[in-house]
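# Breakdown of the fold
These are the residues of each chain, in order.
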2 protein chains.
Amino acid sequence: MEKILNFERAEFDARVAAVKTEMAKRGIDIFLVSEPPNLNYLTGYNAYSFYTPQMAIVALKHAEPIFVTRFMDTTSAKITTYLADDNIRGIPDEYMNSTTLSAYDFMAGVVKELGGEKAKIGVEMGGYYYSARAHADLVRALPLANFVDADLLVNWIRLVKSQAELSFMRQAGCVADAMVERAVDIAEPGVRECDVAAAVYHQQISGTPEFGGSYDSSCLHLCVGERALAPHSAWTDKPLPASTIINFEVHGLRHRYQVNLSRTISIGKPSPAYQKFSEIAIEALNAGLESVRPGRTCSEVFGAFSQVLARHGIQKNERIGYPTGIGYPPSVAERTASLRKGDKTVLQPGMCFHMMTGLWLDDRSITITQPFAVTEGGHEDLTTTPRILFVK
Amino acid sequence: MEKILNFERAEFDARVAAVKTEMAKRGIDIFLVSEPPNLNYLTGYNAYSFYTPQMAIVALKHAEPIFVTRFMDTTSAKITTYLADDNIRGIPDEYMNSTTLSAYDFMAGVVKELGGEKAKIGVEMGGYYYSARAHADLVRALPLANFVDADLLVNWIRLVKSQAELSFMRQAGCVADAMVERAVDIAEPGVRECDVAAAVYHQQISGTPEFGGSYDSSCLHLCVGERALAPHSAWTDKPLPASTIINFEVHGLRHRYQVNLSRTISIGKPSPAYQKFSEIAIEALNAGLESVRPGRTCSEVFGAFSQVLARHGIQKNERIGYPTGIGYPPSVAERTASLRKGDKTVLQPGMCFHMMTGLWLDDRSITITQPFAVTEGGHEDLTTTPRILFVK
């Protein structure tokens, strides 16, 4: 069967080596990786099967990770991973949604095969795909093992992107630009909100003439009128009125690498006060971006941004950014660094963030944002959409 | 702010009452509901915010659920739930992705306010949005409480749909039909796989001229050629060849109610052997459907289906169906009944299933399926797409 691998084998090997180095530092013998982006990062695996139990089992004493998934999905594992067939294991279907069998007993069986009955075992305690029951079942199945929380161990390594990853991020940025262009193009009074959303989704999946896109790790946020005061509300069937505000966030994807980008569209001429509000938001965003360089902390970037807002009497306490990279539902955010007050993470070249400087005040809101990569000299915008309030 | 509620208040009240009745039976005082479909079912809440901690706290002694979410998402709660403002609580942003604060301490605070320090507390141990860490944090914050697993308590209640829910399922079925039609229409040699996918997504979100659609709780499965042997592989950028098999599964949505539907397209004339294979698959599907009626068990339906396959020398061990209804990523399946051998769940009018009779053999595969509702007299198809192999 033809393999689909988006990176050189050497790059996968370097990723696994970095994880093993960190495991060794922490004395972890075996690491049960459950987060889908981490599975993709370490093995290449890409299929929509994470709603059933699956894990990459990384053992210091075993060269390759062992990928364990539902039996029917081992075909996808053979196509999308570099792993030897023996390192791909299928869980029989009777373990799925069973009231008597636990797929984590099957996982524990692989751990035992690796001699891990008394091992120090890392698990991703705060992951989306490591439920309270998964943990309870594993602890029951491996009573002599010592479980430790290794949540975010892989995520922190993923924070700095390689050149190959950056090229996919740039492609994802192209898709995000095309999505914003499509939204601005189609948003007119009388057009149903769902039809604006549909056009944006079409662009997301179609991508560009050179390369295709992929499904979202979140959903399009398309917040119209009153609902623009809420950051994550859903679209409706209603036609757009003659005058309103639309805040929207699109997600461009390439080989699961995701770039987020938000803009605001004013349908009808905005009031002078709103126009001024947009200028303040853009000034603050630009100040934040200009402050980005290696050696600075996330907190310092937040400071440069919030200083501008403060000068205009606006306070924002929420974080103004998060890292993106490989994304699977429900979220692309890497759960590591945050661009916010007090975050001492030091910026390094190759880190990619969405500077999400949305402002949601009591009576007005705006979402003009910028995804960027940290470079040697400062930052590189990952999209080219102008940082303006679009008026239609 | 204008409310968006898709059901009468009485229907929400009946749902909460049913949950409280079951809680009382099990001696549960307070139920911490974390699964997004269950939050939607009990409160109406609909926004893409489940990637951060949120819960509906249902207490026997408190009339309405208390909905706790990130502060910025309380606006969406005010728009999409019937809850009194005092029953909507915002978690301050410093709890998000914090290394020092846990949002579950905030949840525990609400439990204490309800007098629940020593309560019997139900949690959804096997839920997608109840991580091992969430549980550990809650147990630490409420050391005198008695935690019990109440996973699927709401899901089992959701299994039987009301008339109002069934009407949304029928609308979701219309969207699914339109999606299949669009796929069959656009799939031609030379068209990029991603462009077929894009057209299907466009239809999913646009819906019909009468009503709009919504985002997927999963993703389009579009499995071409060799990848058709894998159930959940992703599309590529490649143009469709002159002759190939496409297995695809679409998801029609209406107000978060989701109907799944699969078909197979043969690009180019299928071989006589493949044509025969498709006829067997359809014969088995029809036998399964005809066996559906109230009083029968899921296992009996599986038996009617697999008997036909066995007669043709094909064995299928995987379950052939799962219930659908309210869906949020990563999955619509309700994790309760399964149409499979040994499942003793008795069918009742109002239950909705996707009879997912995909066959993935070593060298050929086909996915012709049927979503249906159980009725007094048998079943009602939720879609009208003919059960045939499409040939282009």
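Cut-off values and rules
- Residues numbered from 1 in each chain as written.
- Chains lettered and ligands numbered in written order.
- Predicted model: local features only at pLDDT ≥ 70, side-chain atom pairs only at ≥ 80, totals over all residues.
- Heavy atoms only, no water.
- Contact = heavy atoms within 4.5 Å.
- Buried area = accessible area lost by both parts, 1.4 Å probe.
- Salt bridge = Lys/Arg side-chain N within 4 Å of Asp/Glu carboxyl O.
- Least-squares fit on C-alpha atoms with pLDDT ≥ 70 in both.
- Helix = DSSP H or I, 4+ residues; strand = E, 2+ residues; numbered from the N terminus.
- Buried < 20%, exposed > 50% of the residue type's maximum accessible area, 1.4 Å probe, protein only.
- Domains from an automatic or database assignment.
- Polar contact = N/O pair within 3.5 Å; in protein donor to acceptor, adjacent residues only side chain to side chain.
- Nonpolar A, V, L, I, M, F, W, Y, C, P; charged D, E, K, R; others polar.

### Quick look at the interface of chain B and chain A
Frequently, the measure chosen for interface size is the accessible area that the parts lose on association. In this assembly, 77 residues from chain B lie in contact with 77 residues from chain A. Three residues, Tyr48, Asn97 and His232 of chain B, lead the burial of chain B against chain A; their summed loss comes to 12% of the area buried on that side. Across the chain B-chain A interface, the total number found is 8 salt bridges. Measuring nitrogen to oxygen at the nearest pair gives 2.7 Å for the salt bridge that ties Arg133 of chain B to Asp149 of chain A.

### Some words on the relation of the copies chain B and chain A
Structural alignment of chain B on chain A gives an RMSD of 0.0 Å, achieved by rotating through 180° and translating 0.0 Å along the axis. What the superposition gives is, in effect, a two-fold axis relating one chain to the other.

### What about the pattern of salt bridges?
Tallied over the entire structure, the rule returns 50 salt bridges over all chains. The partner of Glu2 of chain A in a salt bridge is Lys238 of chain B, with the nearest N and O atoms 3.7 Å apart. Of this pair, Glu2 of chain A sits in the segment before α1 (9-26) while Lys238 of chain B sits in the loop between β7 (221-224) and β8 (244-254), each in a different chain. By relative accessible area, which is 41% here, Lys238 of chain B ends up partly exposed. Arg15 of chain A is the salt-bridge partner of Glu165 of chain A, the closest N and O atoms lying 3.8 Å from each other.

### Details of the domain arrangement of chain A
Residues and elements named next belong to chain A. Domain annotation for chain A reports domain 1 (9-158) and domain 2 (163-391). Computed over C-alpha atoms, the centres of domain 1 and domain 2 are 33 Å apart. The contact between domain 1 and domain 2 buries some 1600 Å² in all, and 54% of this surface belongs to carbon and sulfur atoms. It is Tyr128, Trp156 and Arg158 that lose the most area in domain 1 upon contact with domain 2, and together they represent 32% of the buried surface on that side. Summed over the shared surface of domain 1 and domain 2, the result is 3 salt bridges. Between Arg158 and Glu334 there is a salt bridge whose closest N-O contact spans 3.9 Å. Taken together, the connections running from domain 1 to domain 2 amount to 7 residue pairs in polar contact (both at pLDDT 80 or more). Going through the elements one at a time, α1, α2 (36-43) and α6 (153-158) are the ones with two or more residues in the side of domain 1 that touches domain 2. With 4 residues, the single largest contributor to the side of domain 1 that touches domain 2 is α2. Looking at the side of domain 1 that touches domain 2 residue by residue, the class counts come to 10 nonpolar, 5 polar and 5 charged.

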